[in-house]
Amino acid sequence: MKKLLTFAIAAGAMAITGLASAATLDDVRTKGYVQCGVSQGLPGFSNADDSGNWTGIDVDLCRAVAAAIFGDGDKVRFTPLSAKQRFTALSSGEIDILSRNTTWTMTRDTQLGLNFAGVNYYDGQGMMVPSGLGVKSAMELDGANICTNTGTTTELNITDFFRSNKMSFNLVAFEKADEVVAAYDAGRCDVYTTDRSALAAQRTKLTDPNAHKVLPEIISKEPLGPVVRQGDDQWFNIVRWTLNALINAEELGVTQSNVQSMKNSDNPAIKRLLGTEGNFGEELGLENNWAANAIQAVGNYAESYEKTVAPLGLARGVNALWSAGGIMYAPPVR
Ligand SMILES: N[C@@H](CCC(=O)N[C@@H](CS)C(=O)NCC(=O)O)C(=O)O
């Protein structure tokens, strides 16, 4: 019995080690596409239309990774996941990247066997209320019914906020985002709380979007970014540097339409980014035009943002480049 148990534990450990050290790039090349975990529908970030075409800034990141590997941003498949399902889907190997408005926190980085590869959107948690409630500040919400999603950072933030302000509240939490929207729309709660970007997105689904307002308080830091499994540094670097490439492209003025001609640029930083100088792609296990292909597929960070998040009415704000008053800053390709 004891022997059997020892064997089972050893086999389990081997399976876990095997998974963690698996070369995701090899698997992805073999199957011919990147499997990307996204939301179940969040306009601006990851949202499918009626024909099943996915768009959004998180979707663009996965397309960019696919293009960096295959030279084709369509070599990607999407797995819609609830907040609760997302980390298991990644650790079990069901997906290769989680790109789903997911907040980088210490617990998630250290306790789940996962790593955040960067930040593609700096957000913060906000609260939306029906304008008819006459509330101007979150400080007036003592005793409120608050709707949100389970399995998110949202629940702890809202609890911290009400506790530290010595106010009471009643949390009404659902697994699916659309259930939260429906409950709030039906008046089951006074408040809808989540990331401010998600409030802007979900607001568009309400019966009368103009009858609601987002309160001024931002109660948390929600740096959103792509996540990969621990133990595969090459894959981690591919995801991290694809994101960096899109941000650097904006800074260097490389766009979807000029990326091919920019390969002839005299600027050494552009040459390195686009693979006409150095071996940066090779060092990732990719072709040297990896970044050029990623930019060709989705545009630079600004182009992707304008097409996806900006239509929600969200200005760049802190997500502007560091050189334009924001905090979006990518280390150099050098
Ligand atoms: N950024 C937060 C919240 C993420 C989250 O799941 N938010 C909900 C609130 S709108 C959502 O994206 N729902 C869309 C869905 O479940 O498909 C986290 O990482 O925990």
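Residues numbered from 1 in each chain as written. Predicted model: local features only at pLDDT ≥ 70, side-chain atom pairs only at ≥ 80, totals over all residues. Heavy atoms only, no water.

Asks: Kindly report on unusual backbone geometry, identifying the contributing residues and their values.
Replies: At Asn-101, a position not held by glycine, the phi torsion is positive, near 25°. Note on placement: Asn-101 falls in the loop between strand S5 (97–98) and helix H5 (106–111). Positive phi outside glycine occurs at Lys-166, with the angle close to 55°. Examined against the element boundaries, Lys-166 turns out to sit in the loop between helix H6 (154–164) and strand S10 (169–174). (Helix = DSSP H or I, 4+ residues; strand = E, 2+ residues; numbered from the N terminus.)

Asks: Could you give an account of H6, with specific residues and numbers?
Replies: Residues Thr-154, Asn-157, Ile-158, Thr-159, Phe-161 and Phe-162 constitute the buried set of H6. Immediately beyond the C-terminal end of H6, within one or two residues, lies Lys-166, with a positive phi of roughly 55°. (Buried < 20%, exposed > 50% of the residue type's maximum accessible area, 1.4 Å probe, protein only.)

Asks: Describe the domain arrangement of the protein chain, and please don't skip the residues or the numbers.
Replies: On domain assignment, one finds that the protein chain holds domain 1 (2–122 + 224–324) and domain 2 (125–220). Computed over C-alpha atoms, the centres of domain 1 and domain 2 are 30 Å apart. Counting residues at the interface gives 18 residues for domain 1, matched by 14 residues for domain 2. Buried area between domain 1 and domain 2, both sides added, is near 1,200 Å², and the carbon and sulfur share of it is 58%. Its largest share of buried area at the contact with domain 2, domain 1 owes to Leu-42, Lys-84 and Leu-312, together 29% of the area lost on that side. At the boundary of domain 1 and domain 2, one finds one salt bridge. Residue Lys-84 pairs with Glu-175 through a salt bridge whose shortest N-O separation is 3.9 Å. Taken together, the connections running from domain 1 to domain 2 amount to three residue pairs in polar contact (both at pLDDT 80 or more). Residue composition of the side of domain 1 that touches domain 2, by class: eight nonpolar, seven polar and three charged. (Domains from an automatic or database assignment. Contact = heavy atoms within 4.5 Å. Buried area = accessible area lost by both parts, 1.4 Å probe. Salt bridge = Lys/Arg side-chain N within 4 Å of Asp/Glu carboxyl O. Polar contact = N/O pair within 3.5 Å; in protein donor to acceptor, adjacent residues only side chain to side chain. Nonpolar A, V, L, I, M, F, W, Y, C, P; charged D, E, K, R; others polar.)

Asks: Tell me about the packing of helix H2 (residues 24–31) against helix H9 (residues 233–252), and name the residues and values.
Replies: Contact geometry of H2 with H9 gives a least axis separation of 7 Å together with a crossing angle of 75°. Taken as axis vectors, H2 and H9 run roughly perpendicular relative to one another. Across from Thr-24, Leu-25 and Val-28 in H2, the residues of H9 making contact are Gln-234, Trp-235 and Ile-238. In terms of residue class, the contact of H2 with H9 is built from four nonpolar, two polar and no charged. (Axes fitted to C-alpha atoms, helices over the stretch in contact; angles between N-to-C directions. Parallel < 35°, antiparallel > 145°, perpendicular 65-115°, else oblique.)

Asks: Can you explain the state of the cysteines? Please cite residues and give values.
Replies: Under the criterion given, the structure shown has two disulfides. Two residues share a disulfide in this structure: Cys-36 and Cys-62, whose sulfurs sit 2.1 Å from each other. Sign of the S-S torsion, about 75° for the bond between Cys-36 and Cys-62, identifies this disulfide as right-handed. Here Cys-62 lies in helix H3 (residues 57–70) and Cys-36 lies in strand S1 (residues 34–38), a separation of 26 residues in the sequence. When sorted by exposure, Cys-36 lands in the same class as Cys-62, which is buried. Disulfide partner of Cys-147: Cys-189, at an S-S distance of 1.6 Å. Measuring handedness by torsion sign, the sulfur bridge of Cys-147 and Cys-189 sits at about -50° and is left-handed. Highlighted residues: Cys-147 in strand S9 (residues 144–149) and Cys-189 in the loop between helix H7 (177–185) and strand S11 (191–195), separated in sequence by 42 residues. Under the relative-accessibility criterion, Cys-147 is labelled buried at 0%. (Disulfide = S-S within 2.5 Å.)

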